[in-house]
Amino acid sequence: MMAKRASIDAGFDNTHVFFPMVRYPAELYKLLEIANKEGLIKFGGKTKFGFMVELGPNVIAINAFLDILLEYLSPEQFILSFGTNDLTMVTYLKDRELAALGKYESRHSALARQLVHVIKQAHKRNPRIEVSICGNAPSNDPKFLELLVRAGINQLGVFPDV
């Protein structure tokens, strides 16, 4: 957050803060308290805060995380962003590229169910909450990409060769 503070002090208002690997709602609360004390949240709403959904607890307790985000921020001030590479690895406890263990189909998997659950919960809370995804999953499987779009994903980060 020191880098964000420095960017604001230097006159840049187009940088954002992302919180990766947040395990518990209390950790997110503490991070947002620090951001608030640093004056980052009051910065006219231009700063967006990204909450990375990349661990099982993020999915299971998504409503607790949303409670905290909405306590500090308007829906326009934050993004829920899936880190599918990390979420895949922690869901299956394997590297998604390790062919010797067999391949799985993203759209029929526990991974897909987790993503759809979070998208639906977020939009149920507030349709203006932005949900995005990055990683290999939407790039490698057009049917998975379609599933996400139908579920209501707002932004997709895909590789250019798709």
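So, here's what we can say about the structure. This is a predicted model, so every value here is computed, not measured.

Looking now at helix α1 (residues 2-9). Turning to α1, its buried residues number three or more, namely K4, S7 and I8. One side of α1 holds all its buried residues, which, seen down the axis, span an arc of 100 degrees. Away from its buried face, by an angle of more than 90 degrees, α1 presents the exposed residues M2, A3 and D9. Tucked into the core, α1 has its buried residues touching β1 (17-19). Just past α1, the residue G11 takes up positive phi, approximately 95 degrees.

A few words on the packing of helix α6 (residues 110-125) against helix α8 (residues 142-151). Direction vectors running N to C along α6 and α8 enclose 20 degrees, while the axes themselves pass 9 Å from each other. When the axis of α6 is compared with that of α8, the two are roughly parallel. As α6 runs across α8, the sense of the crossing is right-handed. Contacts between α6 and α8 involve L111, A112, L115, V116 and I119 from the first element and F144, L147, L148 and A151 from the second. In the contact of α6 with α8, the residues fall into nine nonpolar, no polar and no charged.

Another aspect to go through is the pattern of salt bridges. Under the definition given, this model contains five salt bridges. Across the pair E27 and R23 runs a salt bridge, and its minimum N-O distance is 2.4 Å.

The backbone of M21 sits at a positive phi, close to 50 degrees, despite the residue not being glycine. Turning to its location among the elements, M21 is positioned in the loop between β1 and α2 (25-37).

At a minimum axis distance of 10 Å, the contact between helix α4 (residues 62-72) and α6 shows a crossing angle of 40 degrees. By the angle between their directions, the pair α4 and α6 is classed as oblique. Note on packing geometry: the crossing formed by α4 with α6 is right-handed. Only H117, V118, Q121, A122 and R125 of α6 make contact with α4, whose side of the interface consists of I62, N63, L66, D67 and L70. When grouped by side-chain class, the residues that make up the contact of α4 with α6 number five nonpolar, three polar and two charged.

A few words on the packing of aromatic side chains. Between two aromatic rings, the relevant description is the distance of the centres plus the angle of the planes. In total, this model carries three aromatic pairs according to the counting rule given. With centroids separated by 5.6 Å and ring planes inclined at 70 degrees, the aromatic side chains of Y29 and Y72 adopt a geometry described as edge-to-face. Of this pair, Y29 sits in helix α2 while Y72 sits in helix α4, placing them 43 residues apart in sequence.

In this section: the side chain of S132. Following the sequence through the fold, S132 ends up in strand β4 (residues 130-134). One polar contact links S132 to S81, side chain to side chain, over a distance of 3.2 Å. Not counting chain neighbours up to four residues away, the residues in contact with S132 comprise I79, L80, S81, F82, I153 and Q155.

Each value, and the rule that gives it
- Residues numbered from 1 in each chain as written.
- Predicted model: local features only at pLDDT ≥ 70, side-chain atom pairs only at ≥ 80, totals over all residues.
- Heavy atoms only, no water.
- Buried < 20%, exposed > 50% of the residue type's maximum accessible area, 1.4 Å probe, protein only.
- Helix = DSSP H or I, 4+ residues; strand = E, 2+ residues; numbered from the N terminus.
- Arc of directions from axis to C-beta.
- Contact = heavy atoms within 4.5 Å.
- Axes fitted to C-alpha atoms, helices over the stretch in contact; angles between N-to-C directions.
- Parallel < 35°, antiparallel > 145°, perpendicular 65-115°, else oblique.
- Left-handed = near helix turned anticlockwise from the far one by under 90°.
- Nonpolar A, V, L, I, M, F, W, Y, C, P; charged D, E, K, R; others polar.
- Salt bridge = Lys/Arg side-chain N within 4 Å of Asp/Glu carboxyl O.
- Phe/Tyr/Trp six-rings, centres within 6.5 Å; stacked < 30°, edge-to-face > 60°.
- Polar contact = N/O pair within 3.5 Å; in protein donor to acceptor, adjacent residues only side chain to side chain.

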